[in-house]
Amino acid sequence: MAKYVFVTGGVTSSLGKGIIAASLAKLLQARGLRVTIQKFDPYINVDPGTLNPYEHGECYVTEDGAETDLDLGHYERFLNIYTSQANNVTTGRIYQTVINKEREGAYLGKTVQVIPHITDEIKRRMLLLGQGNKWDIIITELGGTVGDIESLPFIEAVRQLQWEMPEEDCVVVHLTLIPYLKAAKELKTKPTQHSVKLLSQEGVHPDIIVCRTEESLSPDIRKKIALFCNVKPEAVIEAADAPTIYEVPLAMMREKLDLICLKKLNITQYHEPELARWKEFLDKLKYPKSKVMIGLIGKYIELQDAYKSILESFVHAGAMNECKVQVVNVHSEFITDENVGEKLANLDGLLVAPGFGHRGVEGKIIAVRYARENKLPFFGICLGMQMAVIEYARNVVGLKNAHSTEMDVHTPHPVIDLMEEQKKVTAKGGTMRLGSYPCALKEGSLASQIYDGKPVISERHRHRWEFNNAYLQQFEQAGMIPSGTNPESGLIEIVELPANSHPFFFGVQYHPELKSTVEDPQPIFVHFIKAAKEFAEAKNAVKNPLLQSEMI
């Protein structure tokens, strides 16, 4: 039977429950255990698919097409395993299920209440992944902060499970904040005491307390937290701020978080953690040999979490190339023909990000044209690929006013258009082309080279609009290569320009960033950063004639 670890948070949000959960899972996995993580979110949206990125960061998509919380991206990046629909559950989904059952008469006329009906459904979903003997340990992260009214049913469900399960099958880890008051030059434990007290009032008693802190915890502070929060001193874990999230597993290993969990779960069959590849990645990340500046063109750049998977993919690809990737955010709304040269002049590569809606679209098209004409390495993802198609249609193919019907329903040249089956869809949630689809690669293309000559690959999608195949012949005649197509529908997945006309010009309809992990960086990002490195070296050689002569 699987054992369960529940991760709760107190004092404030955004403390990093997802990173702590993923770090603990990584350590347990490195010790030979089969581990997965799930996230329970307290908001009433059925999934994050309809949420504005400013509200909740990016919407992460799993292999099976579930629109989920961005923390599932951390889980996959750390563990190098796939998650699914079952790994992310919201209050909205819980209530939807219970109400549907009530409408069907499944409760036989009973009064439907939060306890037991809502909490029973929460417990059923919490235990779902434990069926089938696939996992040894299931880590469950509870979103929100202890004390939030919407979190109460989840806390109650954990209380019931703690009561129902054998003691060695369930551990609760509580993440809190230990603030440092500069004026007093002191760390304060009172917020943590109150947070644990609040959790205990709901009947859940934490076994381990993980303390986010800017300053190191002294033995006296640890003893005080242990005494007032009713845990052993060794179960008070310091989670100091780290330069990168990828250092957190090693910090948690030093604090023995994994060993304490294993002891409390009464697991004795494990070996020393195998983290050689992880440490090798960290070495490359911390000691890069070169640096590139990549422009990220988007419209949600004020919130970094809106492009979380893209930014992490740059970290993975940068380490692979032993190169520091400095991302320069450029708001697409403020790009014009007059200032594009000034805004993009110092870049070594340009990525046009995914998105929806017409805002900032013309700026993206102008940026793509600059990258194409100035031989600046270019990478377009989803909407970014569509912008590349529109720019090429207008300025190379000669289709004046070409556009996407998403932004202009009356365009004379809808080079990007809705799929036929999408034209009658009015609902927004979960109605896009979602999840993993195959893509056949053209032999001899850059795409084929990037994917090591594989004839067919599989990547994840999240979109409604597609390349309009009615214009395919015109694009091919004008020099654009459709190097990736869906083998069943014939839909275009990848467009590129030949190597003799551009060093790296690549657009994909899917979201490759969703499958990049520490141990398996996404190959397009790796090749894009390599092209940016070569661009930067050539640029520096022109500036420095001595370097140029050495290169010759």
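Residues numbered from 1 in each chain as written. Predicted model: local features only at pLDDT ≥ 70, side-chain atom pairs only at ≥ 80, totals over all residues. Heavy atoms only, no water.

## Topic: the sheet that holds strand β16 (residues 402-404)
Taken in spatial order, the three strands line up as β16-β17-β20 in an open sheet, and their pairing is mixed. Each having just a single partner strand, β16 and β20 (465-467) make up the two edges of the open sheet. Direction aside, the axes of adjacent strands within the sheet are offset by 30° on average. For strand β17 (residues 413-418) and β20, the ladder comprises three bridges, and the chain directions are antiparallel. Paired with D417 across the two strands is E466, which belongs to β20. (Pairing = 2+ DSSP bridges. Helix = DSSP H or I, 4+ residues; strand = E, 2+ residues; numbered from the N terminus. Axes fitted to C-alpha atoms, helices over the stretch in contact; angles between N-to-C directions.)

## With respect to the packing of helix α1 (residues 17-30) against helix α10 (residues 257-264)
Where α1 meets α10, the axes come as close as 9 Å, and the angle between the chain directions of the two elements is 75°. Between α1 and α10, the crossing angle belongs to the class labelled roughly perpendicular. Residues I20, L24, L27 and L28 of α1 form the contact with α10, whose participating residues are L257, D258, C261 and L262. Of the residues in the contact of α1 with α10, the class split is seven nonpolar, no polar and one charged. (Parallel < 35°, antiparallel > 145°, perpendicular 65-115°, else oblique. Contact = heavy atoms within 4.5 Å. Nonpolar A, V, L, I, M, F, W, Y, C, P; charged D, E, K, R; others polar.)

## A word on the packing of aromatic side chains
Going through the model one piece at a time under the given rule, you end up with 16 aromatic pairs. Here the aromatic cluster, defined as three or more aromatic residues joined through ring pairs, consists of F314, F379, F504, F506, F525 and F528. Over the ring of Y437 we find R433, and its NZ or CZ is 4.6 Å from the ring centre. (Phe/Tyr/Trp six-rings, centres within 6.5 Å; stacked < 30°, edge-to-face > 60°. Lys NZ or Arg CZ within 6 Å of the ring centre and 35° of its normal.)

## Section: the nonpolar core
The biggest cluster of nonpolar side chains holds 89 residues, and the ones touching the most others in it are V5, M126, I137, I139, I208, V210 and L257. For this core, the leading source of residues is α1, giving nine residues. With sequence-adjacent residues up to four places away left out, L257 is seen in contact with I20, L24, I208, V210, I237 and M252. I297, I335, L350 and A367 belong to the second largest nonpolar core, which has 40 residues in total. (Core = buried A, V, L, I, M, F, W, Y, C linked by side-chain atoms within 4.5 Å. Buried < 20%, exposed > 50% of the residue type's maximum accessible area, 1.4 Å probe, protein only.)

## Considering the environment of P487
By the secondary structure assignment, P487 is in the loop between β21 (481-485) and β22 (492-496). On the basis of relative accessible area, P487 is assigned to the partly exposed category, the value being 48%. Sequence-distant contacts of P487, defined by excluding residues within four places in its chain, comprise P438, C439 and A440.

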